[in-house]
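Notes for the structure review
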Amino acid sequence: MPPVHQEQAEQQAVQQAWPGGPIDRSLLTRYEHHVARHIWFGQERFEGDKPELRIVSLGRKLAEKIPDHHPQVIQGWLDISGLCWLERTSLKQTDPQLISAFVERWHPETSSFHMPFGEMTITLDDVACLLHLPVRGQFYTPVSVSQEQAAQLAVELLGEEYDFALQETVEQRGGYFSQQWLYESYNRNVNLYGKYDCAARAWMLMLVGHTILADKSYTRVDAKWLLLFSDLSAVHTYSWASIALVCLYDNLNDASMFTTRALAGYPTLLQCWIHEYFPTLGRRAQSGLNCDNPGFPRAMRWMYKQGKTKLREYRPILDALTPDDVIWRPFETHRGSIPFDLITLYSGHLRGSTVVPYLPERCIRQFGYVQYIPPPPPLAPAYSDIDSDWIGYHASVDRVLQPTRPVAYASETVSDYISWYYRVSHPRLCRPVDGPHGAPPVPHYAPAHAPAPDAPVDDAPADNAPQESALQRERRWREMARGALETFVTRIDANRDDGDFEELFFALDVCRGAYP
């Protein structure tokens, strides 16, 4: 085919719309196999009345295993590791209906949920605030181990006999340990042998296997992660927030495909994230803990409460969401415990159990900046390049922030963002013809607070606008000052603990309303 005609044919193929899906197919290249496409045609993953995913929370099983107290030396290693709060954050049950409704809007190409008003995602900052896992640190990509290699690791790091460990891996049919076996190893090393280092490793491996690294078996842990705990004094040097996020992203990628029937990973992280950002969705039961002042992780703010809304009912509810239904920056009151870290605006790829794109520019409103049309997702580079980009994160942060500015109102976007988004994505999952559970037709979008076409460049109010009160004026100027201060703090990478910036952070807290 001549080059000109080939280019025209490619353009026509890209612009061929999926029914109910994107008009421009250049972004969501896996949409053909995505669950959203099948939902549009009335197809469900399961036959019958339960179309939701199989989702299991291991919080109750973990709570039953947590001792009243660890030996002091083990507790010390656990505290230093950065993993200690995982013992307390898990919901004993989660809502598979609510979680499934969000999984249906997840797209692996962008690592984001595609909502009616744009993209949102679980960020590194969200993981840090919800779970208090360390963000900064090195990446770790494990290598799978055989039954024999797993048994040898158990000898070297858990203090077990080789034949006994091999019997366990043979029963698990691979390089795995059951969660119960690790728990018993912990107890043996504490109560019988006094091997506290081995006990600490068994406990930490079991802990992450119940939470951030849970797999679809819901009963076992991959032995390949044991090497993370070989040097107990260095466990904190890993970016555990990245490890957790990579695992969650990877499982969401898998669960968003129509043929997948279950969601692995840590459902507590996803459900607590939904509770924080979407106050009108689900049955939100609060624990009563003040998770800001004492420094508890924000996930401890929530408890399970059984809901009555079914997945098919959630779909039109999510279809009807607007930007006003979102708390765009839910963790501002938590900054005394987890200060904002500029590295969470790093853009590129994260590596752990696999490699996933991490693209905060697609959800920049969650960081308090005006949402612009993001560039196409980049291709995954080599591992060494991912590590270099992570170490030199300032370069990608500058690239993310350069096209934008702090928002004037929480959900602000550039004028052409939504029209672009509607071309490359699907704002609705339900067809308008599906009756009471169907979505309304896609409205003509007009950005909230958008200035009139003939408004002056400085966005001054129109002549016939209501008179601004003194309180409104004060709030407006305080918001402008807050945005300017946050931009400055971000650019200089100031630390709240640094005494040189004490007055700066005091002024920022005043603008945020921390002082009456």
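Attention here is on the structure that accompanies the text. On a predicted model such as this, the values are computed, not experimentally measured, just so you know.

Once that is clear, we can look at the packing of aromatic side chains. Tallied over the full model, the rule gives 24 aromatic pairs. Plain terms: the ring middles of phenylalanine 229 and tryptophan 240 are 5.8 Å apart, the flat faces sit at 15° to each other, and that makes the pair stacked. On the criterion of sequence distance, the pair formed by phenylalanine 229 in the loop between strand S6 (220-222) and helix H11 (240-255) and tryptophan 240 in helix H11 is long-range, its members being 11 residues apart. Note on accessibility: phenylalanine 229 and tryptophan 240 belong to one class, buried. Joined through ring pairs, the aromatic side chains of Phe102, Trp106, Phe113, Tyr249, Trp273, Tyr277, Phe278 and Phe331 make up one cluster. The ring of tyrosine 183 carries the charged tip of lysine 65 above its face, separated from the ring centre by 5.7 Å. Taking the ring centre of tyrosine 383 as reference, the NZ or CZ of arginine 351 above it sits at 5.1 Å.

Right, let's get into unusual backbone geometry. We note that histidine 132 has phi near 60°; this positive angle belongs to a residue other than glycine. Using a relative accessible area of 13% as the deciding quantity, one classes histidine 132 as buried. Of note in the backbone geometry, arginine 173 takes a positive phi value of approximately 60° without being a glycine. You can see arginine 173 is positioned in the loop between helix H8 (162-171) and strand S5 (176-178).

A full pass over the atoms with the stated rule returns 18 salt bridges. Residue glutamate 276 is joined to arginine 301 by a salt bridge in which the shortest nitrogen-to-oxygen separation is 3.1 Å. Taken together, the positions of glutamate 276 in helix H12 (residues 267-277) and arginine 301 in the loop between strand S8 (285-286) and strand S9 (302-303) put the pair 25 residues apart, joining distant regions of the chain. Overall, glutamate 276 belongs to the buried group, its relative accessible area being 2%. Through salt bridges that share partners, Glu44, Glu104, Arg312 and Arg315 make up one connected network.

Another aspect to go through is the sheet that holds strand S3 (residues 112-115). On the basis of which strands lie adjacent, the open sheet formed by 3 strands has the order S2-S3-S4 and antiparallel pairing. In this open sheet, the two edge strands, each paired with only one partner strand, are strand S2 (106-107) and strand S4 (118-120). Sheet topology note: the S2/S3 ladder contains 2 bridges and is antiparallel. Note that in S3 the partner of tryptophan 106 across the bridge is phenylalanine 113.

Below, the discussion takes up the nonpolar core. Inside soluble globular proteins, nonpolar side chains tend to come together where they are buried. In this structure, Trp240, Trp273 and Phe278 are the most contacted members of the largest nonpolar core, which totals 113 residues. Here this core gets 11 residues from one element, more than from any other, and that element is H11. If we ignore the near neighbours within four places in the chain, the residues touching phenylalanine 278 are Phe102, Met115, Phe117, Met120, Trp273, Arg284, Leu321, Asp325 and Val326. Of all hydrophobic cores here, the second largest spans 15 residues; its members include Ala36, Phe258, Ile418 and Trp420.

The rules behind each value
- Residues numbered from 1 in each chain as written.
- Predicted model: local features only at pLDDT ≥ 70, side-chain atom pairs only at ≥ 80, totals over all residues.
- Heavy atoms only, no water.
- Phe/Tyr/Trp six-rings, centres within 6.5 Å; stacked < 30°, edge-to-face > 60°.
- Helix = DSSP H or I, 4+ residues; strand = E, 2+ residues; numbered from the N terminus.
- Buried < 20%, exposed > 50% of the residue type's maximum accessible area, 1.4 Å probe, protein only.
- Lys NZ or Arg CZ within 6 Å of the ring centre and 35° of its normal.
- Salt bridge = Lys/Arg side-chain N within 4 Å of Asp/Glu carboxyl O.
- Pairing = 2+ DSSP bridges.
- Core = buried A, V, L, I, M, F, W, Y, C linked by side-chain atoms within 4.5 Å.
- Contact = heavy atoms within 4.5 Å.

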